[in-house]
Amino acid sequence: MSRVISAHAVSVDGYITGRDPGAGHGLGDGAMLFDWYFDGDTPSQVFDGFKLSGPSARVFDSLAARLGAVVAGRNTYEDSERFGGGGPHPGVRLIVLSHGALSEVGERQTLVTTGVEDAIAAAREAAGDKDVALMGGGVLAAALAAGLVDEVILHQVPVLLGGGRRFFQELPEHVSLRLLEAVPAPGVTHLRYEVVR
């Protein structure tokens, strides 16, 4: 069965955007969270234009190769300018979780308005035997609360943003994690955790 994972670039103080994110502004003043995508000399085998350090390329490409579908929340979807009608990952179906209708949905996108469980079920169906990735702090919090997350991966960037959208939102109870891998790399440390059930 496919695994449900969350992999996000995050500041040391827990933000996944800077201040004033949104359509046309991307991550607001937090764009440095993704500098490690372009600061190396190793081209990604999955994403055209990404040139990462050797350690980051190994981690990033192995994760990207696992994915068959992505679930993104409405804020992430809108902030990313609807991914241009596609998705954040080439060739992978995007499931958009929203409380209401969207003005438009692309050919490689599916809208789900009935909750995170249904969004993840749709993503699992689309992914086949590959994994499902979650995008956005709200989607992750809802999926953790529902007991649906297998791994939490943090690409921790050594910066304190001091404001923006927090990655980890309030949860109804503690969630225990087991560290599976820690990979230091230039400009980022990759931390891979398994959710302990």
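Residues numbered from 1 in each chain as written. Predicted model: local features only at pLDDT ≥ 70, side-chain atom pairs only at ≥ 80, totals over all residues. Heavy atoms only, no water.

### Remarks on the packing of aromatic side chains
Each aromatic ring pair is characterised by the separation of its centres together with the angle its planes make.
In step 1: What the rule picks out here adds up to 11 aromatic pairs.
In step 2: Between Tyr37 and Phe50, the aromatic rings sit 4.5 Å apart at their centres with planes inclined by 25 degrees, giving stacked as the arrangement. With Tyr37 in the loop between β1 (4-11) and β2 (42-43) and Phe50 in the loop between β2 and β3 (51-52), the pair connects residues that are 13 residues apart, well separated along the chain.
In step 3: In this structure Phe50 comes out as buried when scored by relative accessible area, which is 14%.
In step 4: In textbook terms, an aromatic cluster arises when at least three aromatic residues are bridged by ring pairs, as seen for Phe34, Trp36, Tyr37, Phe38, Phe47, Phe50 and Phe60. (Phe/Tyr/Trp six-rings, centres within 6.5 Å; stacked < 30°, edge-to-face > 60°. Helix = DSSP H or I, 4+ residues; strand = E, 2+ residues; numbered from the N terminus. Buried < 20%, exposed > 50% of the residue type's maximum accessible area, 1.4 Å probe, protein only.)

### With respect to the pattern of salt bridges
In step 1: Under the defined criterion, the tally for this structure stands at nine salt bridges.
In step 2: In this structure, Glu151 engages Arg3 in a salt bridge whose closest nitrogen and oxygen atoms are separated by 3.1 Å. Here Glu151 is found in strand β8 (residues 151-157), whereas its partner Arg3 is found in the segment before β1, with 148 residues between them in sequence.
In step 3: According to the relative accessible area criterion, Glu151 is buried, its value standing at 1%.
In step 4: The closest approach of N and O atoms between Arg197 and Asp150, which form a salt bridge, is 3.0 Å. Remark: Asp150 occurs in the loop between α4 (137-145) and β8 and Arg197 occurs in the segment after β10 (188-195); sequence separation between them is 47 residues.
In step 5: For Arg197, a relative accessible area of 61% translates into the label exposed.
In step 6: Among the charged side chains, a network of salt bridges with common partners joins Arg3, Arg66, Asp131, Glu151, Arg178, Arg192 and Glu194. (Salt bridge = Lys/Arg side-chain N within 4 Å of Asp/Glu carboxyl O.)

### Some remarks on the environment of Pro21
In step 1: Here Pro21 shows up in the loop between β1 and β2.
In step 2: Residues Pro21 and Ser53 lie 32 residues apart in sequence; the distance between their C-alpha atoms is 27 Å.
In step 3: What Pro21 contacts, discounting residues up to four positions off in sequence, is Gly26, Leu27, Gly28, Asp79 and Arg165. (Contact = heavy atoms within 4.5 Å.)

### Some details on helix α3 (residues 116-127)
In step 1: Helix length check: α3 (12 residues) gives 16 Å between terminal C-alpha atoms against 16 Å at 1.5 Å per residue, within 8%.
In step 2: Turning to α3, the residues buried within the fold contact β1, β4 (67-73), β5 (93-97), β6 (109-112), β7 (131-135) and α4. (Expected span 1.5 Å × (residues − 1).)

### Some points on the sheet that holds β6
In step 1: Pairing in this open sheet of eight strands is mixed, and the strands run β6-β5-β4-β7-β1-β8-β10-β9 from one edge to the other. The open sheet has two edge strands, β6 and β9 (177-185), and neither has a second partner. Between one strand axis and the next, the sheet turns by 20 degrees as a mean value, whatever way the strands run.
In step 2: Here α3 sits on the sheet and contacts β1, β4, β5, β6 and β7; the angle it forms with β4, its principal contact strand, is near 155 degrees.
In step 3: Of the strands in this sheet, β1, β4, β5, β7 and β10 are in contact with α4, which crosses β7 at around 125 degrees. (Pairing = 2+ DSSP bridges. Axes fitted to C-alpha atoms, helices over the stretch in contact; angles between N-to-C directions.)

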